[in-house]
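Remarks on the overall topology
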Amino acid sequence: MSILKGTKVTWLGHATVLVETACGTNLLIDPFIEHNPSFPKEFVLPKKLDYILLTHGHMDHIADAAPLAQKHASTVVGIYELTSYLTGKGVEKTIGMNLGGTVSLPGLDVTMVEAKHSSSMQEGGTIVYLGEAAGMVLTVKDGPVLYHAGDTCVFSDMKLIRELYAPEVAMLPMGGHFTMGPKEAALAAKFLEPKLILPIHWGTFPPLKGTPEQLAALLPDGSIVARVKPGQAL
Ligand code: NI
Ligand code: MN
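Anyway, here's the lowdown on the structure attached to this text. From a predicted model like this one, the values you see are computed outputs, not experimental measurements.

Structural notes on the coordination of the nickel ion (ligand 1)
For a metal with four tetrahedral donors the ideal donor-metal-donor angle is 109.5 degrees, whereas six octahedral donors ideally subtend 90 or 180 degrees. Here the nickel ion (ligand 1) is held by His-56 (NE2), His-58 (ND1), His-117 (NE2) and Asp-151 (OD), and the distances to it run 2.2 to 2.3 Å. Coordination at the nickel ion (ligand 1) is irregular, judged from the four donor atoms that bind it and the angles of 90 to 177 degrees they form at the metal. Counting along the primary sequence, the residues that act as donors to the nickel ion (ligand 1) give the motif H-x1-H-x58-H-x33-D. In this structure, the nickel ion (ligand 1) lies 3.1 Å away from the manganese ion (ligand 2), the two metals sharing Asp-151 as a donor. Of this pair, His-56 sits in the loop between strand S4 (51-53) and helix H1 (59-62) while His-117 is found in the loop between strand S8 (108-114) and strand S9 (120-123), placing the two residues 61 residues apart along the sequence. According to the relative accessible area criterion, His-56 is buried, its value standing at 0%. Judged by relative accessible area, which is 25%, His-117 ranks as partly exposed.

Details of the sheet that holds S4
One open sheet accounts for six strands, arranged S1-S2-S3-S4-S5-S6; its pairing is mixed. Of all the strands in the sheet, just strand S1 (8-11) and strand S6 (93-97) have a single pairing partner and so form its edges. For this sheet the average axis-to-axis angle between neighbouring strands, irrespective of direction, equals 20 degrees. Pairing of strand S2 (residues 17-20) with strand S3 (residues 26-29), which is carried by four bridges, proceeds in the antiparallel orientation.

A few points about the coordination of the manganese ion (ligand 2)
Of the protein atoms, only Asp-60 (OD), His-61 (NE2), Asp-151 (OD) and His-201 (NE2) coordinate the manganese ion (ligand 2), at distances of 2.1 to 2.3 Å. Sequence positions of the donors to the manganese ion (ligand 2) reduce to the motif D-H-x89-D-x49-H.

Let's talk about the pairing of strand S13 (residues 169-173)
Burial of S13 is extensive: five of the five residues sit out of reach of the surface. Residues Val-169, Met-171 and Pro-173 point to one face of S13 and Ala-170 and Leu-172 to the other, with burial holding for every one of them. When strand S12 (residues 145-148) meets S13, the two strands line up parallel, connected through three bridges. Across the sheet, the residue bridging to His-148 is Met-171, located in S13.

About the cut-offs
Residues numbered from 1 in each chain as written. Chains lettered and ligands numbered in written order. Predicted model: local features only at pLDDT ≥ 70, side-chain atom pairs only at ≥ 80, totals over all residues. Heavy atoms only, no water. Donors = N, O, S within 2.8 Å, 3.2 Å for Na, K, Ca; no water. Tetrahedral: all angles 85-135°; square planar, octahedral: opposite > 155°, others 65-115°. Helix = DSSP H or I, 4+ residues; strand = E, 2+ residues; numbered from the N terminus. Buried < 20%, exposed > 50% of the residue type's maximum accessible area, 1.4 Å probe, protein only. Pairing = 2+ DSSP bridges. Axes fitted to C-alpha atoms, helices over the stretch in contact; angles between N-to-C directions.

Purely geometric numbers; function is a separate question.
See below:
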C-alpha cells in the first residue's frame, strides 16, 4: 500500500500489530499470542524482533511480552511503571518513558501519547498499579506515521495527536465494552483524519461486539476502514 512507503503493518488479532519498517527495524505492539483466540496460529513472527511496544499493563496486551523479549532479545518500550514491572519478570532490556515523550530508535521515533483507560495486573488477589494507559505514535523516517491508540475511549485531545503528528494510519480499538465502540471510533476518526483505519480490539471475545462494517457505515468515506483478517498485512 503506497501510503505505507515500504513499511509493513500486519494485524495479528486483538490489539497485536507487527510493524516492519523499510529500513529493517521490526516492532511488535501489545503481544497477545498464546491465549489470544484471534491470533493466526500458522503465523511465524520474524526472528529479529527489535522492539516490543506496550500501551498498558492489561493481560490481553502484555501476556507474551516477557517470554518473547527473552526469546528474541527484544527491548521492551512502555511507560516507566510497566517496564519496571517487566524488569522484575526477567526482561533484560527496557526503555521506560512517559506521556508526551519521544524515544528515537533506528529508523523511527516512538512517541507516547494519551489514552483514557486503566492499567494494572492482578497478582495473588492484589491489584498491582502499572502506570497510565497510553497510545503510541510511530514516526517512521521516510515512511508513514502510524498511531496505535491502545485501549481507550474517544477523547477530544485526539485533535492534538492530529495537530502534532498527523498520523496517516490510525489503529483504533472499536469492539466496545472495554474500549470505544464503532460510534465513538467514528468520532475519533473525525478528530484524527487518518487516511487509513486499522480496526483493532474487536471480535476477540463475545463482549467485543463492534465491527469494522459498523464503523465504516458511520464514516463519510467508509473505504478508509481496512478489512484485514488476523495475519494479513495492510
Ligand atoms: Ni486494557
Ligand atoms: Mn484490552
